[in-house]
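For reference, the chains in residue letters:
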Amino acid sequence: MRSIVLTCAALASALAAVPARAEVLQVFGLMPARNDDVAALHSLVVDGFGGSEGPALTIRIEDLLRGLSVDGSPYFRVLPAPTASGGDALLRGPADAGMQFQLYTEKREQCAEKDSDGKCLRKEQREVKCSKRRITLDIAMRMVRPDGTLIYSDDSPESVEDSSCEGDENQPRSRSDVVRGLVARVAGRLPAEFVPRHTDAQIRVDESRKGLAKPDADRFKQAVRLTKTDPRAACELWSELGEANPGHVPTLFNLGLCAESRGVDGEDEAHRRYRRVQELAPHYAAAQAGIDRIMRSTRARLQLAAHNRG
């Protein structure tokens, strides 16, 4: 099985390398693909898309899917339709671009009188002719297994709207340039749908010392300062404070964040501490956000496990 997640040692090394910044802890995790079925696949056949923009979209999608990776190795084996022999699923559909115009007028201030040197002496409001343009790329993308089972669909169009008036210096981009951008947008939606990815975030610690006795409050403040230079020492200090103040919500949250920053090995502890925070402070949004991050990472690891089993 290929390595798919950062090891604890790598996480610790990355954490130690974090430069000084605001009172935050670095958290590493995984973001799952939106589609569990596609994330489990190994090979894909990209059929020649139909429609006016089908060929361009086919090439764009093939290139993009070949470049997807979680651990440095290609995630999918991409098989173009003319040479494909099998494949876990087939991706196909039409892609057509259309353009609509709407004419209108608007009032603009223009020079009505100039002197002999060309300097404007008087301005007035005048109506100018304008046009609004909307270019839309319509798609009907489908991914099916060899037995015909539908596992992914996307019918969401991409569009660009612009306008221009008589006398404008900057003219709208050419239709072909706009359509190329729309094709790139459609293809660019696929990575988040198909493949999990590594993430990292800087999560702010809770700096509230309310409810602590003066000596512990001073140590809590010291821990907050240490997050800028020595996160590990900050977490050790919060651990000591947590033993003496088991019901102090900010300390509990920060300990959950410390556990989460250790990666996979700390997620169970982080989850327990965030749940405890919620019991004591039901509306503590940062604790729910931490639980959500852990749940996303768990789902992503299940996707990767299914992918590697196939």
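The structure we're discussing is the one just above.
What you are looking at is a predicted structure, and each value in this text was computed from that prediction instead of being measured. (Residues numbered from 1 in each chain as written. Predicted model: local features only at pLDDT ≥ 70, side-chain atom pairs only at ≥ 80, totals over all residues. Heavy atoms only, no water.)

### Regarding the state of the cysteines
A full pass over the atoms with the stated rule returns 3 disulfides. Bridging Cys130 to Cys165, the disulfide has an S-S length of 1.9 Å. With the S-S dihedral at roughly 105°, the linkage between Cys130 and Cys165 falls on the right-handed side. Linking Cys130 in strand S6 (residues 120-139) with Cys165 in strand S9 (residues 158-165), this pair joins segments that are 35 residues apart in sequence. An identical accessibility class is assigned to Cys130 and Cys165; each is buried. Two residues share a disulfide in this structure: Cys235 and Cys258, whose sulfurs sit 2.0 Å from each other. Disulfide Cys235 to Cys258: torsion about the S-S bond roughly -90°, handedness left-handed. Placement of Cys235 in helix H7 (residues 231-244) and of Cys258 in helix H8 (residues 249-260) is noted, with a sequence separation of 23 residues between them. Take Cys235 and Cys258: they sit in the same class, and that class is buried. In the protein chain, numbering the disulfide-bonded cysteines from first to last in sequence yields the connectivity 1-2, 3-4, 5-6. (Disulfide = S-S within 2.5 Å. Helix = DSSP H or I, 4+ residues; strand = E, 2+ residues; numbered from the N terminus. Buried < 20%, exposed > 50% of the residue type's maximum accessible area, 1.4 Å probe, protein only.)

### Quick look at the pattern of salt bridges
Note that side chains of opposite charge can pair when their charged atoms are close. Considering all chains together, one arrives at 27 salt bridges under this definition. Where Arg189 meets Glu158, a salt bridge forms, and the shortest distance between an N and an O atom there is 2.7 Å. In this pair, Arg189 sits in the loop between helix H4 (175-188) and helix H5 (190-194) while Glu158 sits in strand S9, placing the two residues 31 residues apart along the sequence. Between Glu269 and Arg262 there is a salt bridge whose closest N-O contact spans 2.8 Å. Overall, Glu269 belongs to the partly exposed group, its relative accessible area being 22%. Assessed through its relative accessible area of 39%, Arg262 is described here as partly exposed. (Salt bridge = Lys/Arg side-chain N within 4 Å of Asp/Glu carboxyl O.)

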